[in-house]
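# Close look at the chain arrangement
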Amino acid sequence: DAEVAGTHVRMYVTRGPGDLALQLARPLTEVDATLRGLALLLGGIALAGIAAGTGLGLLVARATLAPVRRLTATAEHVAGTRDLSRRLDADPAGDELDRLAASFNRMLAALQASREAQRQLVADASHELRTPLTSIRTNIELLGRARTLGPGEQERILASAREQLEELSVLVGDLIDTARDGPVPDDELEDVRIDLIADEAVAQARRYAPDRRFVVASEPVLVRGSPAR
C-alpha cells in the first residue's frame, strides 16, 4: 500500500526484462469507500444490538424483580400497619422467588398465630386473675368491719385470704410458665392424672361460687405431661 499524489493505491513491483522493473498501481478509492460503508453499517448494527439488548435486559430484570418489589411492598406494609393478614401470591412449584414468597407467607402466618395466642393468653390471664383478686378484696372489706365479726369469723376470713393469696401466687407462676416459648423440659414431665387435675379445678371453683352445684363425671386418665402447665 502506498500514497501517490494523495491517492491511496495498491502497488505491485516485479522484475521486468533486462534491468528494468515493472511497477503497477491500482487506486483503492472504491475499496476504501466500501470499507467505510461497511464500518458504518457494522457500527450501526452494533449500536442497535446494544440498545436492543439493554432494553430486553431491562424488561427481563423488571419482570424478574416484580415479585421482589411485591415482597418489599408487603414487608413495608406489615412494618407500617402491623397487619399480619397480608399474603403474597406464591406458586409452590415455582422458582426461588416463589419459594421465598411462600416462606414469607409462612412467617406471617406464624407471627399472626403468635399474636392471637398472646391476645388469648392476656384475656385468659385477666379472667383467671380477676376472681381471686375479687375474693381477696371482699375478705379485706369484711376484715375492715372486724368489730361486727366474732373471733372465729375473723380467723376464717384471714385463712381464706391467705389461701387466696397462695392461689394467686401459684396462678402468676403458672401464667409465667405458660408464656414461655418452646417445648416442655424433660425434667418437668411425669405421669399426670387428668381426672385429678379436673377435680382440683372444680374444688377451686366451688370456693369461688359456693352457691353453685358442680358435678364431675370422670374416670382415671393417665398422660405424660407437666402438672403445673
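You'll find the structure just up there.
Residues numbered from 1 in each chain as written. Predicted model: local features only at pLDDT ≥ 70, side-chain atom pairs only at ≥ 80, totals over all residues. Heavy atoms only, no water.

## Focus on the overall build of the chain
When helices and strands are counted, the chain shows 4 helices and 5 strands. Against the globule reference of 17 Å for 229 residues, the chain gives a C-alpha radius of gyration of 45 Å, more extended than a compact globule. Overall size of the chain, expressed as C-alpha extent along the three principal axes, is 155 × 40 × 30 Å. Looking at the chain as a whole, 15% of its 229 residues are labelled buried. (Helix = DSSP H or I, 4+ residues; strand = E, 2+ residues; numbered from the N terminus. Rg over C-alpha atoms; globule rule 2.2 N^0.38 Å. Buried < 20%, exposed > 50% of the residue type's maximum accessible area, 1.4 Å probe, protein only.)

## Things to note about the sheet that holds strand β2 (residues 7-15)
Taken together, the 3 strands give an open sheet; going across it, the order is β1-β2-β3, and neighbouring strands pair in antiparallel fashion. Looking at the sheet topology across the chains shown, the edges are occupied by β1 (2-4) and β3 (21-27). Each adjacent strand pair in this sheet contributes to an overall mean axis angle of 45°, direction not counted. With 7 bridges connecting them, β2 and β3 associate as antiparallel partners. (Pairing = 2+ DSSP bridges. Axes fitted to C-alpha atoms, helices over the stretch in contact; angles between N-to-C directions.)

## Things to note about a nonpolar patch on the surface
Taken together, Val31, Leu35, Leu38, Leu41, Leu42 and Ile45 make up a surface patch of nonpolar side chains, about 570 Å² in accessible area. Considering the arrangement of structural elements, one finds Val31 in helix α1 (residues 29-81). Note on Val31: relative accessible area 38%, which makes it partly exposed. (Patch = residues over 30% accessible without salt bridge, like charges linked within 9 Å, V, L, I, M, F, W, Y side chains within 5 Å. Areas by Shrake-Rupley, 256 points an atom, 1.4 Å probe, with all protein chains shown as cover. Salt bridge = Lys/Arg side-chain N within 4 Å of Asp/Glu carboxyl O.)

## Points about the packing of α1 against helix α2 (residues 96-144)
Running from N to C, α1 and α2 point in directions that differ by 15°, and their axes come no closer than 10 Å. Taken together, the axes of α1 and α2 lie roughly parallel to each other. Of the two possible hands of crossing, α1 and α2 adopt the one that is left-handed. Along its contact with α1, which presents Thr64, Pro67, Val68, Leu71, Thr74, Ala75 and Val78, the element α2 presents Leu97, Leu100, Phe104 and Leu108. (Parallel < 35°, antiparallel > 145°, perpendicular 65-115°, else oblique. Left-handed = near helix turned anticlockwise from the far one by under 90°. Contact = heavy atoms within 4.5 Å.)

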